[in-house]
Amino acid sequence: TGYYEPLVNVSNSKDNIFKFPILKENKNYFKKPRAFIEKNFNLKDVILWTDDPINLFFLQIQGSGIGEFQDKKRIRIGYAGNNDLKYTSIGKILLKKKYIKYGDINLFSIKDWLRKNPQLSKGIMNQNERYIFFRKSNEKISTQVSGALGVPLKPNFSIAVDKNIYPLGLPFIIEIYRDKSILPAVSMDTGAAIVGTNRADLFLGRGEIAEQKAGKLKKKIFLYTLIPYNE
């Protein structure tokens, strides 16, 4: 699969449009589910307001992003922690309930369903109890976002892996099952949705083009770890 750095609209103040909070970490939210946090957050924990709960939900899925103010100025929104509850894929929930067919499931079909079904969408999103907190980052907008390894991610080269299985900083070869093409990569990030062996999430960059690529990327692979050997 693929991931990217999304762009979301933001404001420093709340109004009738910008009314959805982007929150900083607070120990009071630890082990509290998404629905509880959204109803009981402290205004002191709001770092920015945004205009779209669905885009906010997917900002949390991606783990970081870029905020754009109405005057077109931008700010980097960095990952700052989570509520330590299990990540649940809402795509799998939509498939199980037969709201979307298996062959049609991707980022864009999920977003489209959520927008067309506002009475059901909040309940579906709340089934993913994991909640991500953010911080205003001092990293330059011109540079790529840093991953869990602490260095900037490289589009089409950096991958997120399950760090319980693969150490960060290792080189890999990704072989695409269908056409046997290969792609060199380095494990530079991790994420709650990236679980198990032979599983990698390829970083594809920032903005709409990266979103288009990441939203539809789902391929069977063989993931080969390159480990130095010394007799």
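Residues numbered from 1 in each chain as written. Predicted model: local features only at pLDDT ≥ 70, side-chain atom pairs only at ≥ 80, totals over all residues. Heavy atoms only, no water.

On to the sheet that holds strand S2 (residues 7-11). Spatial strand order, S3-S4-S2-S5-S6-S7: 6 strands in an open sheet with mixed pairing. Each edge of the open sheet is held by one strand with a lone partner, namely strand S3 (20-23) and strand S7 (132-137). Between one strand and the next, the sheet's axes are offset by a mean angle of 45 degrees, whatever the strand orientation. Examined bridge by bridge, strand S6 (residues 74-82) and S7 share 6 bridges and lie antiparallel to one another. Residue pairing in the sheet places isoleucine 77 in a bridge with lysine 136 of S7. (Pairing = 2+ DSSP bridges. Helix = DSSP H or I, 4+ residues; strand = E, 2+ residues; numbered from the N terminus. Axes fitted to C-alpha atoms, helices over the stretch in contact; angles between N-to-C directions.)

Inspection of the secondary structure puts glutamate 68 in strand S5 (residues 65-68). A polar side-chain atom of glutamate 68 sits 2.9 Å from a polar atom in the side chain of arginine 74. Apart from residues no more than four positions distant in its own chain, glutamate 68 is found in contact with Leu7, Val8, Asn9, Val10, Lys73 and Arg74. (Polar contact = N/O pair within 3.5 Å; in protein donor to acceptor, adjacent residues only side chain to side chain. Contact = heavy atoms within 4.5 Å.)

So, on to the sheet that holds strand S8 (residues 158-160). Pairing within the open sheet is mixed, and its 6 strands lie in the order S1-S11-S8-S10-S9-S12. Two strands lie at the open edges of the sheet, namely strand S1 (2-5) and strand S12 (221-225), each paired on one side alone. The sheet shows a mean angle of 40 degrees between the axes of neighbouring strands, taken without regard to direction. Examined bridge by bridge, S1 and strand S11 (residues 201-206) share 3 bridges and lie parallel to one another. Considered in S11, the bridge of glutamate 5 is made with arginine 206.

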